[in-house]
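# Topology and contacts: notes
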Amino acid sequence: MATTRMILRAIKKRPFLFPASSHSFSSSRHGSTLVVAEHDSGAVKPHSLSAVTAATSLAGHGNSSVSVLLAGSGPSLHQAASHAASSHPSVSQVLIADSEKFKNPLAEPWAKLVHLVQQQGGYSHIIAASNSFGKNIMPRAAALLDVSPITDVTGISDAQTFVRPIYAGNALCTVRYTGSNPCILTIRSTSFPIPQKSNDSKAEASISQVNLSNFDEADLNKSRYIYQTSQDDEGPDLGNARVVITGGRALKNAENFKLIENLAKKLGGAVGATRAAVDAGFVPNDLQVGQTGKIVAPELYMAFGVSGAIQHLAGMRDSKVIVAVNNDADAPIFQVADYGLVGDLFEVIPELLEKLPEKK
């Protein structure tokens, strides 16, 4: 087991400061891929950029072009379209559906939009991120297109063969798609990192409007958007953070959870929580990491008072460096940890806060 000094050494190595290497992909002329993308504040969300990465990897397996579909209304949509057009050299076209019907990510209008765009474009593959946006829309779109989707893909072997986790991530299943086009995929964004944008790449994809004249508006009133709530947080987004500090039920109450928040702030990381901590009301459920929460794969993952239930491990086992602190030497979290310390988190965290330098 590690000591506090070893944990400090692991943090000071700071592997999360080094950028990921870029990837190059080849292309051919036998297929095309549509990426259903989510945007906010004039930019494509990182989860959707990971879907673009997955789509470009198909280029080496017979797909010649990648198109990105954006929908919504107002200036932010067109700003996001410009962002998407320059997001990756393999993106050849950005399609925008400018209508108030798509202002909110409701499954009914968005699924019908995907159906319409597929009829117009005849894509061989349709890809979205396996987050709340993709999970909400893609199954309904697959039903409208009468195909079976392949969900939570973590690897692409060829244009018809994919890898996805089963049994809470304890096994990997290779799936071969034998159905008709399109092959619909949702991808785990942590498995398809966003490559660095090259400064030499100045070419941008064309931007086109989707023809909505034949859009079927029937049954759109089956659901309606009421409101959205989000937590005000100055730190990075949990799903994309390079450092994640997670607390479990051992923190005992919401007041003690501020220790986790203070450590995350000092390291410039995001705060995570186990399902037990969320169910106990310590933190809101959008901070939950695990099979029924968010899937993360940061450069550094620190778990305090986390036992390591199989459902939690499914959400963080792909982290590059895992540091665990628990007073139970037999806790399952130590089986996946790179550094482990058997100790009282109420002693370890204050010591780390004292010895760690302020983030510049």
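Residues numbered from 1 in each chain as written. Predicted model: local features only at pLDDT ≥ 70, side-chain atom pairs only at ≥ 80, totals over all residues. Heavy atoms only, no water.

Worth spelling out the cut-off: UniProt positions are given in the numbering used here, feature names are shortened, and annotations may be inferred rather than shown by experiment.
Per an unreviewed UniProt entry, the protein goes by the name Electron transfer flavoprotein subunit alpha and belongs to Arachis hypogaea. The protein has a UniProt comment under Subcellular location (unreviewed entry) that states "Mitochondrion matrix". In the Subunit (unreviewed entry) part of its UniProt record, the protein is described as follows: "Heterodimer of an alpha and a beta subunit."

## A few points about the overall build of the protein
Our working rule: Secondary structure elements are taken from DSSP: a helix is a run of H or I of four residues or more, a strand is a run of E of two residues or more, and numbering for both begins at the N terminus. Each residue gets one of three labels from its accessible area relative to the maximum for its type: buried under 20%, exposed over 50%, partly exposed in between, using a 1.4 Å probe on protein chains only. Accessible surface is estimated by sampling points in the Shrake-Rupley manner with a 1.4 Å probe; for residues, cover comes only from the protein chains shown.
In terms of regular secondary structure, the protein is built from nine helices and 17 strands. Relative to its 360 residues, the protein shows a buried fraction of 50%. About 17500 Å² of surface is accessible on the protein, with carbon and sulfur atoms providing 46% of the total.

## Things to note about the pairing of strand E14 (residues 270-273)
What counts is decided by this rule: Any two strands with at least two DSSP-identified bridges between them are counted as paired.
Burial of the side chains of E14 extends over both faces: Ala 270 and Gly 272 are buried on one face and Val 271 and Ala 273 on the other. Strand direction decides the pairing type here: strand E13 (residues 243-247) and E14, joined by four bridges, are parallel. Across the sheet, the residue bridging to Gly 247 is Ala 273, located in E14.

## Comments concerning the sheet that holds E13
Note the cut-off: Helix axes are fitted only over the stretch in contact, all axes being lines through C-alpha atoms; the angle between N-to-C directions runs from 0 to 180 degrees.
Read across the open sheet, the five strands follow the order E14-E13-E15-E16-E17; overall the sheet is parallel. Bordering the open sheet on either side are E14 and strand E17 (339-342), each of which pairs with just one other strand. On average, each strand axis in the sheet is inclined to that of its neighbour by 15°, with strand direction left out of account. Across five bridges, E13 lies against strand E15 (residues 300-304) in parallel orientation. Each bridged residue has a counterpart across the sheet, and for Ile 245 the counterpart in E15 is Met 302.

## Digging into the sheet that holds strand E8 (residues 155-158)
The three strands lie next to each other as E8-E9-E10, forming an open sheet whose pairing is antiparallel. One side of each edge strand has no neighbouring strand; the edge strands of this open sheet are E8 and strand E10 (171-176). For this sheet the average axis-to-axis angle between neighbouring strands, irrespective of direction, equals 30°. Of the pairings in the sheet, the one linking strand E9 (residues 161-166) to E10 comprises six bridges and is antiparallel in character. Bridged to Pro 165 within E10 is Leu 172.

## So, the packing of aromatic side chains
So the rule is basically this: Ring pairs shown here join Phe, Tyr and Trp side chains whose ring centres sit within 6.5 Å, with only the six-membered ring taken for Trp; geometry is labelled stacked below 30 degrees between planes, edge-to-face above 60, and tilted in between.
Enumeration according to the criterion identifies three aromatic pairs in this entry. Judged by centre distance (6.4 Å) and plane angle (75°), the ring pair of Phe 102 and Trp 110 falls under edge-to-face. Residue classification places Trp 110 among the buried positions, given a relative accessible area of 3%. Members of the aromatic cluster, connected to one another through ring pairs, are Phe 102, Trp 110, Phe 133 and Phe 215.

## Comments concerning helix H6 (residues 258-267)
Threshold: Each direction from the helix axis to a C-beta atom contributes to the arc, which is the arc of those directions.
Turning to H6, its buried residues are Leu 259, Ile 260, Leu 263, Ala 264, Lys 266 and Leu 267. Down the axis, H6 shows its buried residues gathered within 160° of arc, on one side only. In the stretch just after H6, Gly 268 is the one whose phi turns positive, near 70°.

## Considerations on unusual backbone geometry
Looking along the chain, the bond that leaves Asn 181 and enters Pro 182 is cis, with omega of 5°. We note that Ser 41 has phi near 55°; this positive angle belongs to a residue other than glycine. Among the secondary structure elements, Ser 41 is positioned in the loop between strand E2 (39-40) and strand E3 (43-44).

## What about helix H4 (residues 107-121)?
Test applied: A helix is expected to span 1.5 Å multiplied by its residue count minus one.
Across its 15 residues, H4 extends 21 Å between first and last C-alpha, which sits within 8% of the 21 Å expected from 1.5 Å per residue. For H4, every residue scored as buried is listed here: Ala 107, Glu 108, Pro 109, Trp 110, Ala 111, Lys 112, Leu 113, Val 114, Leu 116, Val 117 and Gln 118. A positive backbone phi angle near 60° is found at Gly 122, which sits one or two residues after H4.

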